[in-house]
Amino acid sequence: MSVLEVAGLRTHFFTRAGVVKAVDGVDFTLERGEVMGLVGESGSGKTVTGFSILGLVDPPGRIVGGSIRYQGEELVGAPDKRLRELRGNRIAMIFQDPMMTLNPVLRIDTQMVEAIRAHESVPKKAAWERARDGLGQVGIPSPEERLRAYPHQLSGGMRQRVTIAIAFLNNPDLIVADEPTTALDVTIQAQIIYEAQKVCRERGAALIWITHDLAVVAGLADRIAVMYAGRIVEAGRTDDVIDRPLHPYTVGLLGSVPSANKRGQKLNQIPGMTPNMLALPKGCAFRERCPRAGDACLVDPDLTEPAAGRAIRCFHPHRIEVPA
Amino acid sequence: MSVPLIEVRGVTKHFVKRLDLAGKIARRLGADVDEEVVHAVDAVDLAIQPGEVVGLAGESGCGKSTLGRMLAGILPPTDGQILFEGIATSEMSGAQRHAATLAVQMIFQDPFASLNPRMRVEQIIGEAPLVHGLVDRGGLSDYVDDIMQNVRLDPSLKRRYPHQFSGGQRQRIGIARALAVRPRFLVCDEAIASLDVSIQAQVLNLFMDLREEFDLTYLFISHDLSVIEHIADRVVIMYLGRVVESAPTEQLFSAPRHPYTQALLADVPRLDQRKHIFAPVKGEIPSPLDPPPGCHFHPRCPHAMPICRMQQPLLREIAPSTFSACHLEGNSGT
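The rules behind each value
Residues numbered from 1 in each chain as written. Chains lettered and ligands numbered in written order. Predicted model: local features only at pLDDT ≥ 70, side-chain atom pairs only at ≥ 80, totals over all residues. Helix = DSSP H or I, 4+ residues; strand = E, 2+ residues; numbered from the N terminus. Rg over C-alpha atoms; globule rule 2.2 N^0.38 Å. Buried ≥ 20, exposed ≤ 12 C-beta atoms within 10 Å, placed from the backbone. Contact = placed C-beta atoms within 7 Å. Nonpolar A, V, L, I, M, F, W, Y, C, P; charged D, E, K, R; others polar. Pairing = 2+ DSSP bridges. Axes fitted to C-alpha atoms, helices over the stretch in contact; angles between N-to-C directions. Core = buried A, V, L, I, M, F, W, Y, C linked by C-beta atoms within 7 Å. pLDDT = per-residue confidence, 0-100. Arc of directions from axis to C-beta. Parallel < 35°, antiparallel > 145°, perpendicular 65-115°, else oblique. Left-handed = near helix turned anticlockwise from the far one by under 90°.

## Looking at the overall build of chain A
Thought 1: Counting its regular elements, chain A contains 10 helices and 11 strands.
Thought 2: Whereas a compact globule of 324 residues would reach a radius of gyration of roughly 20 Å, chain A reaches 21 Å, a difference of no more than 12%.
Thought 3: With respect to the three principal axes, the spread of C-alpha positions in chain A is 65 × 50 × 40 Å.
Thought 4: Buried positions account for 49% of the 324 residues belonging to chain A.
Thought 5: A separation threshold of at least 6 residues defines the contact pool for chain A, and within that pool the share at least 24 residues apart is 64%.

Dropping the structure here:
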């Protein structure tokens, strides 16, 4: 059974200015031990997708349709009590800002012991030892001392490692990581990715890594899903999506990444800017920035499967071919 | 070699945190408290030739922004000299200094904080050239139109306020404001870091176009090495206030010399890496309040030797136009 099956997920925000369809039809499945990169620019709905999985969408937002199945169990509409049992236990989340996870006025050990004892009746001492081992596993030196520290006494990279340790405390089956390394330096980013990779490999947890940085997920993920304006426009195995992209948006996004072979030349930029989510263009949301758009694009494209394990939402995709 | 457009010699910047009242009293009573000194930039030499794009990279807290701000004349150095076209700014006449100040402009990271929200775009762009007499009031409107077109903004939007623009457009307004005084040297401090990937590419392309159109020289400060690799001719790597390596871009990315540069490059995620096992450099950047003695990098360096703990390695030319500050280079006899 898949760890996670998301089908037709739609999360809308009912604001005074109108309905923002932040997530509008997202489908994917995730197997045990699999790492999926969820890539998109700001406003593409990638974070709201993550929040929806954990049932953390607050009013005026609401999941208006679709299903989220964790080990076959429907989470949309599940009672709060059940969601609380799962959150931080079977499903964990790592946020971009570690201070969203950490309570600034509590010591690290208080928070970690609480996270364990909320889901399992273990003696305090045993929980404390588990917390200490958890910190050690994410590469924190002298974990016993760190346990007695307050969050403000730790550096940004150290705090993020603590939140990863908390996420892994109860051996979750699924972890949603929302841009956990965006605010960090490259050396710290590499350390964090290394720890996350290691724990996933060792414990077989499935991981959704939400990011705007294609280069990060290229080296980390098994599969990549690219989001644009609330929808997955292309999904597939990492090699396929990065080396043989089909959707014009993915092609444009890859062309925007500065890399060695294009040094000194102009980047292959995408014209225009990300659309206003309150006034999306009719039909394909990427139509107005797309070099391949035609009259057909005035109708919403459906998600099609041009090849095994690949999905795309486009009328004029690039051909499947090996680039020269 | 021609005269560098801008040059710094041994510039140092210390930020001193003065003792508060309680601290002063405690010291009067004999307590062991001292003023805290942050060694942000520590005796850095850097020369930038006309037309060159120099990329300045390093982790947060390494002093790259402080160095950029000193070059732009925003922060006075604690020690050392800044030379514009071979003349030290401290020895310039008033008129010379005025010209040098105008010729160096800065573009900031945050396009939301660096524009006055109460000014219209035409005021933001037009204020400085009017004050400095580059254009008279009658020609101002056309001049602003011109500058806006240069940064690919629609001049019909010039009556708007900054909040009516997207992040990418605001960054263009910031660039237009800098260009309006016809500078020759731009300090771009993380100028594209806060933008989305597709918008980053647009602004990066704009920088490259403007360089050709206006014959500009850039100091491009970024923590993103792939951006630096793309735009820079020469790369300078800083660590904890010191320059550890400086080399032509291709040289530095194909054969980094300094262990810190090597570690930094190994950690950069790349599109062509799959299922990459990251083997990160250990530890974190130490506090600039209390930098380690000798080579600042020795606590994290895989090749550290006893001498690295004792003596600071100097930046030396180890190959044509390649500079590195490492004791390993001394041992290899080059």
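Having put the structure on the table, let's press on.
## A closer look at the overall build of chain B
Thought 1: For chain B, the helix and strand inventory stands at 12 helices and 12 strands.
Thought 2: Relative to its length of 334 residues, chain B is compact, with a C-alpha radius of gyration of 22 Å against a globular reference of 20 Å.
Thought 3: By its C-alpha atoms, chain B is 70 × 60 × 40 Å across when sized along the principal axes.
Thought 4: A sequence separation of at least 24 residues applies to 67% of the contacts in chain B between residues at least 6 apart.

## A few points about the interface of chain B and chain A
Thought 1: Contacts between the two partners involve 36 residues from chain B and, on the opposite side, 39 residues from chain A.
Thought 2: Counting only elements with at least two residues in the side of chain B that touches chain A, the list comes to helix H7 (197-214), helix H8 (225-231) and helix H10 (259-266) of chain B.
Thought 3: For the side of chain B that touches chain A, the element with the most residues is H7 of chain B, which contributes nine residues.
Thought 4: Considering only residue class, the side of chain B that touches chain A consists of 17 nonpolar, 12 polar and seven charged.

## What to know about the sheet that holds strand E2 (residues 36-48) of chain B
All names here are of chain B.
Thought 1: Taken in spatial order, the four strands make up an open sheet running E2-E1-E4-E5, and their pairing is antiparallel. Edge positions in the sheet fall to E2 and strand E5 (87-88), since each has one partner strand and no second.
Thought 2: Note that strand E1 (residues 6-17) and E2 share nine bridges and pair antiparallel. Paired with lysine 17 across the strands is glutamate 36, a residue of E2.
Thought 3: Across the face of the sheet, helix H2 (residues 64-71) comes into contact with E1, E2 and strand E4 (79-84) while running at roughly 120° to E1.

## What about the pairing of strand E6 (residues 104-107) of chain B?
All names here are of chain B.
Thought 1: The two faces of E6 match: Val104 and Met106 on one face and Gln105 and Ile107 on the other face are all buried.
Thought 2: Relative to strand E7 (residues 185-189), E6 runs parallel, the two being bridged by four bridges. Note on E7: the bridge partner recorded for glutamine 105 is leucine 186.

## A closer look at unusual backbone geometry
Thought 1: The amide bond that connects proline 59 of chain A to the next residue, proline 60 of chain A, takes the cis arrangement and shows omega of 10°.
Thought 2: Secondary-structure assignment places proline 60 of chain A in the loop between helix H1 (46-53) and strand E4 (61-70).
Thought 3: Not every positive phi belongs to a glycine, and glutamate 179 of chain A is a case in point at roughly 45°.
Thought 4: Within the element layout of this structure, glutamate 179 of chain A appears in the loop between strand E7 (174-178) and helix H7 (186-203).
Thought 5: Among the residues examined, glutamate 179 of chain A registers 19 C-beta atoms within 10 Å and is labelled partly exposed.
Thought 6: Although it is not a glycine, alanine 43 of chain B adopts a positive phi angle of roughly 50°.
Thought 7: Within the fold, alanine 43 of chain B resides in strand E2.

## A word on the nonpolar core
Thought 1: In this structure, Trp209 and Val226 of chain A together with Leu71, Ala176 and Phe220 of chain B are the most contacted members of the largest nonpolar core, which totals 183 residues.
Thought 2: When near neighbours in sequence (up to four residues on either side) are disregarded, leucine 71 of chain B contacts Ile6, Val8, Ile82, Val104, Val187 and Leu219 of chain B.

## Some words on the environment of arginine 237 of chain A
All names here are of chain A.
Thought 1: Tracing the sequence through the fold places arginine 237 in strand E10 (residues 231-237).
Thought 2: Residue arginine 237 is classed as partly exposed on the basis of its 17 C-beta neighbours within 10 Å.
Thought 3: Linking arginine 237 and asparagine 276, residues 39 residues apart in sequence, is a C-alpha distance of 30 Å.
Thought 4: Among residues more than four places away in sequence, those in contact with arginine 237 are Asp222, Arg223 and Gly309.

## Details of helix H10 (residues 248-256) of chain A
Thought 1: Of all the nine residues making up H10 of chain A, eight are buried; the element is thus mostly covered by neighbouring parts of the structure.
Thought 2: All of the buried residues in H10 of chain A are Pro248, Tyr249, Thr250, Val251, Gly252, Leu253, Leu254 and Ser256 of chain A.
Thought 3: For H10 of chain A, the secondary structure elements touched by its buried residues are helix H8 (214-218), strand E9 (223-228), E10 and helix H9 (238-243) of chain A together with H7 of chain B.

## Details of the sheet that holds strand E6 (residues 91-94) of chain A
Residues and elements named next belong to chain A.
Thought 1: Read from one edge to the other, the open sheet built from seven strands follows the order E6-E7-E8-E3-E9-E10-E11, with strand pairing classed as mixed. Of all the strands in the sheet, the pair left with one neighbour each is E6 and strand E11 (311-312).
Thought 2: Pairing geometry for E9 and E10, over six bridges, is antiparallel. Considered in E10, the bridge of tyrosine 228 is made with arginine 231.

## What about the pairing of E4 of chain B?
All names here are of chain B.
Thought 1: In the sheet, E1 pairs with E4 via five bridges, with the strands oriented antiparallel. Residue pairing in the sheet places isoleucine 6 in a bridge with phenylalanine 84 of E4.
Thought 2: The pairing of E4 with E5 spans two bridges and is antiparallel. From the neighbouring strand, leucine 83 faces E5, where its bridge partner is alanine 88.

## A few points about the confidence of the model for chain A
Thought 1: Looking at chain A, the pLDDT average stands at 88 and 98% of residues meet or exceed 70.
Thought 2: Here H7 of chain A stands out as the element of chain A with the lowest mean pLDDT, 82, in contrast to E9 of chain A, whose mean of 94 is the highest.

## Here we look at helix H3 (residues 108-117) of chain A
Residues and elements named next belong to chain A.
Thought 1: Within the sequence span of H3, burial applies to Ile108, Asp109, Met112, Val113, Ala115 and Ile116. The buried residues of H3 occupy an angular sector of 155° when the element is viewed end-on, so they sit on one face.
Thought 2: Contact partners of the buried residues in H3: helix H4 (124-137), helix H5 (143-147) and helix H6 (156-168).

## Quick look at the packing of H4 of chain A against H6 of chain A
All names here are of chain A.
Thought 1: Running from N to C, H4 and H6 cross one another at 125°; their axes reach a closest spacing of 9 Å. One element, H4, and the other, H6, form an angle in the oblique class. In the packing of H4 onto H6, the handedness of the crossing is right-handed. Between H4 and H6, the contacting residues are Gly134, Leu135 and Gln137 on the first element and Val162, Ala165 and Phe168 on the second.

## Digging into the environment of leucine 106 of chain A
All names here are of chain A.
Thought 1: Along the chain, the position of leucine 106 falls in the loop between E6 and H3.
Thought 2: A residue is classified by how many C-beta atoms lie within 10 Å of it, and leucine 106, with 13 of them, is partly exposed.
Thought 3: Once the C-alpha coordinates of leucine 106 and proline 151 are considered, the two residues, 45 residues apart in sequence, prove to be 7.8 Å apart.

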